[in-house]
Every structure is written in C-alpha cells, then in structure tokens.
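Overview (structure and organization)
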Amino acid sequence: MAAKNFEKALEAILHHEGGFVNHPRDPGGMTNLGVTKRVWEQWIGTEADEREMRNLTPEKVGPLYKKNYWDRVKGDDLPSGLDLAVFDWAVNSGTGRAAKKLQSMIGTTADGGIGPNTLKALKAFTKEHGVTGAIEEYTKVRQDFYESLSTFDTFGKGWTRRNQETCDKACSWA
C-alpha cells in the first residue's frame, strides 16, 4: 500500500502553486511557490521581506513541504495517487483539514492525525472501493468544501480546476 511519491507529488503541487502572488483577497497574503510569508518565517526562524519571498526556489521550499505537509499526512504510507490528493489538499487547506476529511470519508475518528487506525480503515476502504474510487470520493468531498466557502466566487474556478487536475493525475498514479 505504501507509496514513495514525494518528489513527483511536489512537482505537481508546485505546478499548481505557481510563483509569487500577493492577492488582496487571499488570506495567506504574500506567497511564493505556495509558501506564505508567515509559514516561511516560521520555517527559517526570522522575518522575510518581499525580496526573500520572491527568491524562493523549489529546492528551498522542498524540505518544508516534506516535513510540514507530506510527512504530517503520512504521504509515504498512503496508496499511490491518494498520497497526491491528500498532500495537495493539505498544502491548499492545511494538514488537519485534509486528514480529517479523509478520516470522515473512510469512517474513522476524524482527529486530524493519520496513524495506524486511519491507515487500517483506509486499507479496508480502498479494498472495497479501490484506490481510484477513494481518490474520486476524496475529490468530491474537497469540492463540496470549496463550494461552501465565502471566497468561492473569487477563487472557485481555480480551486475547481486544481481539484480536478489533481484527481486526474492521482488516478493515473493509482
């Protein structure tokens, strides 16, 4: 069941996250390669100015994504394809939300921490529904969440495209 897709999953994430943005309606504020200024400052332990944020590279942010997102959602322990779907949502909406939505979907305690019980329940779920079925259901849960947000009118088209593209790529890995 375990997958080891971090590098190719990171490449997919960075494709969606794009470069430097500072959209006034984005609650994340100044962001580059999907990393907000606040998250980057926590990672480096000091303040970051706009120049530093603009100069982030995939090599610089890769370790942050691995430790703070991939490892927290147990990417290496998830089935190939579902690892990308969960990782992508974790990056986009937080590891706790991505994990809780997965846990709710598979009928286990939604505590936001993927551990042995979640992995056991996930194994049973994917045995019954297949990995592709799990990815497609997770994509639907994610879309429902996006459509519930007040900022869907501003960001919904992009979120929907990203969600569907992630689903398509994830299913191709399953």
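Now for a quick tour of the structure. (Residues numbered from 1 in each chain as written. Predicted model: local features only at pLDDT ≥ 70, side-chain atom pairs only at ≥ 80, totals over all residues. Heavy atoms only, no water.)

**Observations regarding the overall build of the chain**
Defined as follows: To qualify as a helix, a DSSP run of H or I must reach at least 4 residues; to qualify as a strand, a run of E must reach at least 2; elements of each kind are numbered from the N terminus. Using C-alpha atoms as the atom set, the radius of gyration is obtained and then compared with a globule rule of 2.2 Å times the number of residues to the power 0.38. Only protein chains enter the accessibility calculation, which uses a 1.4 Å probe; a residue whose area is less than 20% of its type maximum is buried, one above 50% is exposed, and one in between is partly exposed. Between two residues, a contact is recorded if the distance between any of their heavy atoms is within 4.5 Å. Computed with a 1.4 Å probe, the accessible areas rest on the Shrake-Rupley method; for each residue, only the protein chains presented here act as cover. Lys and Arg are tallied as positive, Asp and Glu as negative. Neither His nor the chain termini are counted. In this description, the location of a charge corresponds to atom NZ of lysine, CZ of arginine, CG of aspartate or CD of glutamate.
Scanning the chain from terminus to terminus reveals eight helices and two strands. The order of helices and strands in the chain, counted from the N terminus, is α-β-β-α-α-α-α-α-α-α. Taking 16 Å as the expected radius of gyration for a compact globule of 174 residues, we find that the chain reaches 16 Å, a close match to that expectation. In terms of overall dimensions, the chain has C-alpha extents of about 50 × 35 × 30 Å along its principal axes. With 174 residues in all, the chain has 45% of them scored as buried. Looking at the chain alone, contacts between residues at least 24 apart form 59% of all its contacts between residues at least 6 apart. When the accessible surface of the chain is totalled, it reaches about 9,000 Å², and 48% of it is carbon and sulfur. Positive and negative side-chain charges in the chain, numbering 24 and 24 respectively, have mean positions lying 3 Å apart.

**Thoughts on the environment of E50**
Tracing the chain through its elements places E50 in helix α3 (residues 50–54). In this structure E50 touches F20 and M30, once residues within four positions along its chain are discounted.

**Some points on the packing of helix α2 (residues 37–44) against helix α4 (residues 58–70)**
Working note: a packed helix pair is described by the angle between its axes plus the distance between those axes. Stated formally: Orientation is described by lines fitted to C-alpha atoms, with helices fitted over the stretch in contact, and by angles between N-to-C directions that extend from 0 to 180 degrees. Roughly parallel means an angle under 35 degrees; roughly antiparallel, over 145; roughly perpendicular, 65 to 115; everything else is oblique. Each residue gets one of three labels, nonpolar for Ala, Val, Leu, Ile, Met, Phe, Trp, Tyr, Cys and Pro, charged for Asp, Glu, Lys and Arg, and polar for the others, Gly among them.
Contact geometry of α2 with α4 gives a least axis separation of 11 Å together with a crossing angle of 90°. Between α2 and α4, the crossing angle belongs to the class labelled roughly perpendicular. Between α2, through V39, W40 and W43, and α4, the contact on the second element is made entirely by K60, V61, P63, L64, K67, N68 and Y69. For the contact of α2 with α4, the class distribution of residues is seven nonpolar, one polar and two charged.

**Remarks on helix α8 (residues 152–173)**
This is how it is decided: To get the bend at any residue, fit one axis to the seven residues that end at it and another to the seven that begin at it, then take the angle between the two axes.
At G158, α8 is bent by approximately 30°, the largest bend along its length. The set of residues buried in α8 consists of F155, G156, W159, R162, N163, T166, C167, A170 and W173. Residues of α8 that are buried sit in contact with α1 (6–17), α5 (82–93) and α7 (116–147).

**Examining the environment of E41**
Here is the rule: Polar contact criterion, stated in full: a pair of N or O atoms within 3.5 Å, where within protein one must be able to donate a hydrogen and the other to accept it, and residues adjacent in sequence count only if both atoms are side-chain atoms.
Considering the arrangement of structural elements, one finds E41 in helix α2. On the accessibility criterion, E41 (19% relative accessible area) is buried. For the pair E41 and M53, spaced 12 residues apart in sequence, the C-alpha to C-alpha distance is 9.7 Å. Those residues in contact with E41 that sit more than four places away from it in its chain are T46, E47 and A48. Polar side-chain contacts of E41 include one of 2.9 Å to the backbone nitrogen of A48.

**A word on the side chain of Q103**
Within the secondary structure, Q103 sits in helix α6 (residues 95–106). For Q103, a relative accessible area of 0% corresponds to the buried category. Among the polar contacts made by the side chain of Q103, one reaches the main-chain carbonyl oxygen of G113 at a distance of 2.9 Å. Contact partners of Q103, with chain neighbours within four places excluded, come to T108, T109, A110, D111, G112, G113, I114 and T118.

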